[in-house]
Amino acid sequence: MKEHFDHPDVVVCPGGPLLLRGEHVIEDAEGRQHRTSRPVSAVCRCGKSADQPWCDGTHKVLPDKLKP
Ligand code: FES
């Protein structure tokens, strides 16, 4: 039986970002580090955000085949 947690630390949004709860440091593809600054941060998984590594909502207008 699967365990269920009410407040997971990491949530994968289908077709969208990865949600991180709490404080984290994200290292992007160029090796730059970014510290989270919100209670919940959205990390882009589609690669199309203009505000990498964060999700800016661009994934919502992508065709299904380009969504993560
Ligand atoms: S996942 Fe939202 S812009 Fe990439």
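Residues numbered from 1 in each chain as written. Predicted model: local features only at pLDDT ≥ 70, side-chain atom pairs only at ≥ 80, totals over all residues.

The name an unreviewed UniProt entry assigns to the protein is CDGSH iron-sulfur domain-containing protein, from the organism Jiangella rhizosphaerae.

A few words on the environment of Pro8. Residue placement: Pro8 occurs in the segment before strand 1 (10-12). Residue Pro8 is classed as exposed on the basis of its 10 C-beta neighbours within 10 Å. As for Pro8 and Pro39, which are separated by 31 residues in sequence, their C-alpha atoms are 13 Å apart. (Helix = DSSP H or I, 4+ residues; strand = E, 2+ residues; numbered from the N terminus. Buried ≥ 20, exposed ≤ 12 C-beta atoms within 10 Å, placed from the backbone.)

Across the sheet, 3 strands lie side by side as 1-2-5; this open sheet has antiparallel pairing. Edge strands, defined here as strands with exactly one partner in the open sheet, are strand 1 and strand 5 (40-43). Across this sheet, the average inter-strand angle for adjacent strands is 20°, counted without regard to direction. Pairing geometry for strand 2 (residues 18-21) and strand 5, over 4 bridges, is antiparallel. Across the sheet, Leu18 pairs through a bridge with Val43, a residue of strand 5. (Pairing = 2+ DSSP bridges. Axes fitted to C-alpha atoms, helices over the stretch in contact; angles between N-to-C directions.)

This part is about the pairing of strand 2. Where strand 1 and strand 2 come together, 3 bridges link them in antiparallel fashion. Within the sheet, the bridge partner assigned to Val10 lies in strand 2 and is Leu20.

Another aspect to go through is the UniProt feature "domain: Iron-binding zinc finger CDGSH type" (unreviewed entry) in the protein. Taken from the UniProt record, the annotation "domain: Iron-binding zinc finger CDGSH type" (unreviewed entry) applies to residues 27-65. Taken as a whole, residues 27-65 contains 0% helix and 21% strand, while its terminal C-alpha atoms sit 26 Å from one another. (UniProt positions renumbered as here; feature names shortened; annotations may be inferred.)

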